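One letter stands for each residue in the lines below.
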Amino acid sequence: MSYIFYITRKLIPPIVTTFIVAIYMVIAFAENEFLIGWIIGAFFTMYLIAFPVSLLSDLILKIPYLNKRIIGLVIHAFFAFLVILIYSILVNGDLFSLDSFFLESVYIVLLISIIYWLIDELLRKFHNKVFGLIKESN
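S.K.: Go over the overall build of the protein chain with me, naming the residues and quoting the values.
M.R.: Check the secondary structure of the protein chain and you find 4 helices and 0 strands. With 138 residues in all, the protein chain has 33% of them scored as buried. A total accessible area of about 9000 Å² is found for the protein chain, and carbon and sulfur atoms account for 76% of it.

S.K.: Break down the nonpolar core for me, with residues and values.
M.R.: Within the largest apolar cluster, 11 residues are counted, these being Val-21, Ala-22, Met-25, Phe-29, Ile-39, Met-46, Ala-50, Phe-51, Ile-108, Ile-112 and Tyr-116. Sorting the residues of this core by element identifies helix H1 (3-28), helix H2 (35-60) and helix H4 (100-137) as the ones contributing at least two each. Looking at this core element by element, the count peaks at 4 residues for H2.

S.K.: I'd love a proper account of H1, names of residues and values included.
M.R.: Given a rise of 1.5 Å per residue, 26 residues ought to cover 38 Å, and the 38 Å separating the end C-alpha atoms of H1 matches this to within 8%. Within the sequence span of H1, burial applies to Phe-5, Tyr-6, Arg-9, Lys-10, Pro-13, Pro-14, Thr-17, Thr-18, Val-21, Ala-22 and Met-25.

S.K.: Could you give me a rundown of the packing of aromatic side chains, with the residues and numbers involved?
M.R.: Counting across every chain of the model gives 1 aromatic pair. When the centroid spacing of 5.4 Å and the interplanar angle of 80 degrees are considered together, the rings of Phe-78 and Phe-79 count as edge-to-face. Under the relative-accessibility criterion, Phe-78 is labelled partly exposed at 49%.

S.K.: Lay out the confidence of the model for the protein chain with the relevant residues and their values.
M.R.: Overall, the predicted model of the protein chain reaches an average pLDDT of 75, with 76% of residues at or above 70. Within the protein chain, the lowest mean pLDDT, 74, falls on H4, and the highest, 80, falls on helix H3 (residues 68-92).

S.K.: Explain the pattern of salt bridges to me, and be specific about the residues and the numbers.
M.R.: Per the counting criterion, the structure on display carries 2 salt bridges. In this structure, Lys-10 engages Asp-58 in a salt bridge whose closest nitrogen and oxygen atoms are separated by 2.7 Å. Of the two residues, Lys-10 sits in helix H1 while Asp-58 sits in helix H2, which places them 48 residues apart along the sequence. Bridged by salt links that share partners, the residues Lys-10, Asp-58 and Asp-120 form one connected network.

S.K.: Which residues make up the side chain of Ser-54, and what are the values?
M.R.: Its place among the elements puts Ser-54 in helix H2. The exposure class of Ser-54 is buried, given its relative accessible area of 0%. If we ignore the near neighbours within four places in the chain, the residues touching Ser-54 are Lys-10, His-76, Tyr-116 and Asp-120.

S.K.: Describe the environment of Leu-110, listing the residues and the values that go with them.
M.R.: Among the secondary structure elements, Leu-110 is positioned in helix H4. C-alpha separation for the pair Leu-110 and Phe-79, spaced 31 residues apart in sequence, amounts to 9.3 Å. When neighbours within four sequence positions are excluded, Leu-110 is seen to be in contact with Ala-77, Ala-80 and Phe-81.

S.K.: Describe the side chain of His-76, with residues and values.
M.R.: By the element assignment, His-76 lies in helix H3. Setting aside residues no more than four positions away along its own chain, His-76 makes contact with Val-53, Ser-54, Ser-57, Ser-113, Tyr-116 and Trp-117.

What counts and how
Residues numbered from 1 in each chain as written. Predicted model: local features only at pLDDT ≥ 70, side-chain atom pairs only at ≥ 80, totals over all residues. Heavy atoms only, no water. Helix = DSSP H or I, 4+ residues; strand = E, 2+ residues; numbered from the N terminus. Buried < 20%, exposed > 50% of the residue type's maximum accessible area, 1.4 Å probe, protein only. Areas by Shrake-Rupley, 256 points an atom, 1.4 Å probe, with all protein chains shown as cover. Core = buried A, V, L, I, M, F, W, Y, C linked by side-chain atoms within 4.5 Å. Expected span 1.5 Å × (residues − 1). Phe/Tyr/Trp six-rings, centres within 6.5 Å; stacked < 30°, edge-to-face > 60°. pLDDT = per-residue confidence, 0-100. Salt bridge = Lys/Arg side-chain N within 4 Å of Asp/Glu carboxyl O. Contact = heavy atoms within 4.5 Å.

Structure, rendered in structure tokens:
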């Protein structure tokens with residue numbers, strides 16, 4: 001596989017995921033005054049956390065497993081949950097502060113990681129078709 005195509009394929013999921021999450025956040029949290037900040041934060045988080053996790057997931061999944069897709073989802077969800085735990089420790093000073101903000105954050109971050117994983121898997125599934133079309137047109 002061409003490295004340029006691979007990197008391009010890896011750069012698309014953060015953009016699409018941020019767009020989907022932005023639509024969801026506008027619908028769910030329309031009255032929140034920090035909505036634009038959350039959306040911008042989600043975009044940068046995609047590239048700072050989700051993008052490297054996706055690369056790590058691909059690297060780990062080169063080792064033969066029974067079900068690579070499920071393990072990839074678990075890796076994405078684990079790192080998403082880990083980010084919320086670290087954030088909760090830094091902000092609240094304890095490991096599990098079960099306030100509504102923590103629970104909403106877990107829900108949103110896990111939803112984001114699942115959407116990101118799904119988009120990445122769909123692009124991976126169809127990369128041979130797209131890459132084949134690019135080769136044929138040259």
